[in-house]
Each structure stands twice: as structure tokens, then as C-alpha cells.
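# Secondary and tertiary structure notes
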Amino acid sequence: MHTLARRRPNGAAWAIVSVAVAIVATLVAVPVGAVFVYAFSRGFDPVLRTLARADVHSAMGLSALAAAVSVPFVTVFGVAAAWVVTRTELPSRRALAAILNVPFAIPPVVAGLLLVLVVGPHTPLGYWLAARGFPVLFAAPGIILATSLVSLSVVAKDLIPLMEALGPAEELAARSLGATPFQAFVRVTLPGLSLPLLHATVGALARALGEFGSVSVVSGRIRGETMTVPLLIEALYGEYDQTGAFVLAALLALVAIASLAVKKAVEAAVARTVNAEEVSP
Amino acid sequence: MFAERSGRSEQSAAFPRFHAAMSRHSFSLCHAGAVALLGALTLGGCGKSTGSPRPESALLVAAYDPARTLVLEANKRFLSDELAAGRTVTVRESFGGSGKQARAVVDGLGADVVLLGLADDVNALADAKLVKPDWAKAREGKGAPYTSTIVFVVRAGNPKNVRDWSDLARSDVALVAPNPKSSSAAKLSYLAAWGWALRQPNGSEIAAESLVRAMYGKAVVLDATARGASTTFLQNGIGDVLVTWENEAYLARDERARAPIEIVTPSASIVAEPAVAIVDANVDHHGTRALAERYVALLETNEMQEAAARAHFRPRNAEVLAAHQREFAAVPLFTVEETFGSWSAAKAKHFADGGLLDRILEARR
């Protein structure tokens, strides 16, 4: 069927394709390639030295921690929010759907400043927590909160259109056969969503690892303690350690490319499943 | 997506009981989300906490970017001195733009000692009641162990022939500078240009205003921090002249920047007096006052003055300065006080909201 839609490329088509390729090459391929070239521009030794630094290890650890906490959190939140928006008649669900746009709409640096206003040590909540040996701002919890806040609706925004399109028919069937709501959710809804959920989670991971603006506000930039990988990249660049900055940038780029590959693989798997379903009845 | 929902609503109308069940279910899911959030916070807290209250032996130094090499050297020295005295301590450091560091401490960053580009940034901490109001007097003559000044950096060979402040106003000279709104180096650059213009034959406030208006009205890049402006000029290759700290200029020359550069010293410039202060509220809270006092005393030793000179700061100690005199251009320097009366007077006129700088930057738009 898809052969029908394809035509022999003519001159105009070639022109459009070359413009598209030129744009992608200039804006994406060249900068990403340059990151790797700069990273290795002075050979392997500076790369290994950068990767052996204690502050680099600490930044990697903190970035990993922030992602390890925020990704499961936004995933659980995303499933819950998508459920409320698409499967319930709660009066607040439209409001929730609208609120889900807020983390996308506010600039990350503003998200960081909001945290200063809400959990800073001069606020009642922040003071109460700090007094109990649990500082939020300028410590790991603040960085995790900032990361979670900016990526809060990544999963929900991914799932909602999909769950809308799927409709509740399968869950209704399960319910009519005597399943409890919980059983219907765990045995019918979630398995159907497993691949899209993986797709959304990888998106949340990429967002969490790359977050700069909001974390920059709440970090305090204490070396070896509250610096994430993106913050350290900026600091190293400012300290004329260009190689170090590009080594870490290349590392983040590698993770991003790997997660893109996973996303693409998931999309292909989804497409196969859909095709199989279309054929089977 | 709302359009799609109308179809689903018809379906749900057909299964009222089912949807009532769904609604109840969604509540429990929200609760699950709340529990997950709490769990996340707890786990995060367990992972790594920079927490106050900290052990007596931990010191946090928040410094402005240009002091980085000096602070790292001081910290190394401090650790070995303390170890020699039988005390095991840890020193942690945080670097950023001077104003940004002051802001972070005001917002609750638990720094015990601050080393900032401007005394006025420490005044901001005094305004927030974190530092005693008479901190400057208490540290009479013992501020930062060094001074600096403002100079120009140009491309090799000085192709645009930039010699003095008046050249920065030329329309064919692309100026890169930090933004005086946020950067201490930039505030001093602005005041240096103003002070220079006042000191010229027939110098006047009008001439001074037209100079800074030309400089900041047409600057091609106004970065948030001095280091950001250095990066723009050196690593990104933008602009004909960079106005920055003398020590930043020398550091840039040392750091094998991709393009060769030259340093131009104007015919007169301003004295930059970075400031060291103990953050009283934080050391009292952490119980680290004695530690912080020993750290500040270390900065005042001749040894650290030598380290300051190596980092291209002008040592305060006359002997150490004399030993390094030929490394620094002999340039007539004037102070903020003798030119503007006081910092607060200069700030009120030039940098306050709605002040002259705001009007100049407004005209850029």
C-alpha cells in the first residue's frame, strides 16, 4: 500500500531533500561531531585524566542519582495523571490536563527560582527541614526536586494522547468479565502501555540528565558535592579546561544518542505490534 | 485531545457504574504518587546531604570565579597546615560570578567564608544580616590579600589600535564586556571609564556619560559574568576588545587561548578591591568561627600574597608587591571613593533600578 504513495523523485523533491540534509548537517551533525573531535583533540590522555577526576565522578554520581529518583517519580506520576485525564470523569481532570503544560511552559530557571521561594532556607518549610538536618536547597534534594519539576509531565504528555486513542474498551471488557479496577489496570492497561511507557521513560531520562537551568539556581555549585554533569561542563569550559568540558559533553551526547536509539527501537517494536494486531483478526 | 474525549464521554455514559469505580481508583493512584514523592525526597536526602549542621571540621568557601586558582591553592595549604596542627578538616569550595555567589549565600548557601569581587557584594550579605554591618571596619586593611584593576584585551597586533578608554567608544571597535547589572568587574569597568573621562582635560560629567553611553550602548556582547565575557572573546572569538579584570586578562594570556592576544593598559584605571569576609550567621550556626578565622588569616600571610601575585593579582603587602612590581603595568589608579564619594553613592546614581545604566541599556532595545 505504501508503494502507492511514493513517486519517482523529481527536481523539486531533490532540492527539498538537499536543503533538509544541509540544515540537519549544519545544526545537528556538525556540532555533535565537533564535540567528539574537541574531546579527543589532544589525544586519549586528557580524556582519561578527565574521567579519573574526583569532581567528575561526583558530578556523574549526582546526575545519576537525580535521574534515578526523578525518572521513576515522573513515570508513576505520569501514569497516574494520564489515567485521571483519560479514564475518569473527575471534575478536576481538565484542570489537571491544563496544569500538565505548566512544567513545559515555564523556563527552567524560573522553576529553580520557584523552588528557592518554596523550599529555600528562609521559607517556613525549608527552615523546618534544614533545622532537622535535611537541607533542600544547595543540596542533593533540591537538585532532585528541580530535575523532577522540569521533567514532571514528560511521561504524562506522552501517554495521554495514546490512552485517548486506545480508549477504555479493553478495560471495560475486563471489568465486565469480573476484574476489579486494580486488576484491569495491572493486567490490561499497563501491559498494553509497556512499550510507550518505556519510550516516555527514556525521554524523561534524557531530560533529567541534561537539565541545566533549574539545577543551576538550586545547586550552590559546591565542587564534588552539588555539581551535576551539565553544571560541571559549564564550569570546566569557563576554567579554560576545554578538553575536560568536551569530554563530559561527549559523554552526555553518547547517552543521548543511546537513548534515542532505544526510543527508535521501541517505536519500531510498537509499529510491529500494531501491524501484527491489524493482521491477526 | 479534547475533541476526542466527546466520543469517550458517550461511552462512559453507557457505563456509569464502571466510571464511578474508575474515579475512586484514580484517587488511590494520586495517593500513590504522593507516597512516591516522599520516598524520592527521603532517598535523595540519604544519598548525599551537604547539610547544616555540619561537623566542626568542615569549611565552605564561596568565591568569585577569578579567584579560583588562588582559593584552590589556599585550600591545599590550609588543609596541610591544619593537619600539621593535628586537626583533620575538610574544605569545600564553590565558584561563580561575584553577584551570583552573594545571591546564593543570601538564599541560604551555607558558606563560612566568602571571597567576592566587590565589597558591595559583601554589603549585600550584611543587608541580609548574615555578616556584621561593620565587617569592613573590623577587617581594616585586611580585606582580600590583593587588589586588581581593569585593563583591555585585544587581538594580536592590536589591529583596531585600541589604546585608551576613548577608543572603546569608536563605532568600528566591537566591544565585549560583562554586564554591569550583574558583574562586579563590569561595574568597575564602567566606573573606571567614567573616572578616566572626568580626569581628561576639559573632562566633565557630560563627557563621562557620553563615553559610557557609547561603550555600553553598542557593546556587541554583554555577558552576565567576567568569566563569561572572557569565554566569549577568547574561545568564541567574538569582538575586537574585551574589558575585564587585570588578572583575568593575564590568565587568558597564560591559558593558550586559540587566538593570540595582547593586553592593553589604559592611561588610567580604577583600583579593584575584592573583599574577604566571614559569614557570621553561618559560622555561628556551623560552629566554625575559629576555623574560618584561621582560614582568613592564612590568606593574609606573605606566602598567600606570593600565590596571589602568581595568579596576577597585585599583592597588598608592600614588600611582596615591590618584588613583583615589574609584572604589573605602572598605571595611575584612582579609587571609587575619591571619584564617586562612596560605593553607595556610585551605585545609587549608576546601577540602581532606573539609574543611568538602566537608561543606557533601555536605549539598546
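Residues numbered from 1 in each chain as written. Chains lettered and ligands numbered in written order. Predicted model: local features only at pLDDT ≥ 70, side-chain atom pairs only at ≥ 80, totals over all residues.

## Observations concerning the overall build of chain B
Inclusion rule: Think of it this way: any DSSP run of H or I at least four residues long counts as a helix, any run of E at least two long counts as a strand, and we number them from the N terminus. Counting other C-beta atoms within 10 Å of a residue's C-beta gives its exposure: the residue is buried at 20 or more, exposed at 12 or fewer, and partly exposed in between, where C-beta atoms are placed from the backbone. By definition, residue pairs are in contact when their C-beta atoms, positioned from the backbone, come within 7 Å.
Helices and strands together make up the secondary structure of chain B, namely 17 helices and 12 strands. Residue burial in chain B is summarised as follows: out of 365 residues, 44% are buried. At a minimum sequence separation of 6, the contacts of chain B that also span at least 24 residues come to 72%.

## Overview of the overall build of chain A
Helix and strand counts for chain A stand at 15 helices and 0 strands. On the principal axes, the C-alpha backbone points of chain A span a range of 65 × 60 × 30 Å. Going through the 281 residues of chain A one by one, you find that 42% of them count as buried. Taking all contacts inside chain A whose residues are at least 6 apart in sequence as the whole, residues at least 24 apart take part in 73%.

## Observations concerning the pairing of strand S2 (residues 90–96) of chain B
Note the cut-off: Consider the strands pointing away from the viewer: the crossover is right-handed when the path from the first strand over the helix to the second runs clockwise.
Within S2 of chain B, 6 of the 7 residues are buried, which leaves it mostly tucked inside the rest of the structure. For the crossover from strand S1 (residues 58–64) of chain B across helix H3 (residues 68–84) of chain B to S2 of chain B, the handedness is right-handed.

## Here's the deal with the nonpolar core
Keep this limit in mind: Note on terminology: a nonpolar core is any set of buried Ala, Val, Leu, Ile, Met, Phe, Trp, Tyr and Cys residues joined through C-beta atoms within 7 Å.
Ranked by size, the top nonpolar core spans 117 residues in total, and within it Val-113, Val-114, Leu-115 and Val-279 of chain B carry the most contacts. In this structure, Val-162, Ala-219, Val-243 and Ala-249 of chain B belong to the second largest nonpolar core, which totals 45 residues.

## Considering the pairing of strand S5 (residues 175–178) of chain B
Put simply, side chains in a regular strand alternate between the two faces of the sheet. Residues and elements named next belong to chain B. Using the following cut-off: Two strands are counted as paired when DSSP detects at least two bridges linking them.
Of the two faces of S5, the one holding Leu-175 and Ala-177 and the one holding Val-176 and Pro-178 are both buried throughout. By the bridge criterion, 2 bridges tie S5 to strand S7 (residues 241–245) in an arrangement that is parallel. Bridged to Leu-175 within S7 is Val-241.

## Observations regarding the domain arrangement of chain B
Residues and elements named next belong to chain B. For the record, the criterion: Residue ranges for the domains originate in an automatic or database domain assignment. Each residue gets one of three labels, nonpolar for Ala, Val, Leu, Ile, Met, Phe, Trp, Tyr, Cys and Pro, charged for Asp, Glu, Lys and Arg, and polar for the others, Gly among them.
Taken domain by domain, chain B comprises domain 1 (58–144 + 273–300) and domain 2 (147–272 + 330–364). With centres defined by C-alpha atoms, the gap from domain 1 to domain 2 works out at 27 Å. On the side of domain 2, 17 residues touch domain 1, which itself brings 13 residues to the contact. Per element, the largest residue contribution to the side of domain 1 that touches domain 2 is 3 residues, and it comes from helix H5 (residues 119–127). In terms of residue class, the side of domain 1 that touches domain 2 is built from 5 nonpolar, 4 polar and 4 charged.

## So, the environment of Arg-92 of chain B
Structurally, the position occupied by Arg-92 of chain B is in strand S2. Exposure remark for Arg-92 of chain B: the 21 C-beta atoms within 10 Å place this residue in the buried category. For the pair Arg-92 of chain B and Asn-317 of chain B, spaced 225 residues apart in the sequence, the C-alpha separation amounts to 27 Å. Leaving out residues up to four positions away in the same chain, Arg-92 of chain B has contacts with Ile-222, Arg-223, Gly-224 and Glu-225 of chain A together with Ala-58 and Leu-60 of chain B.

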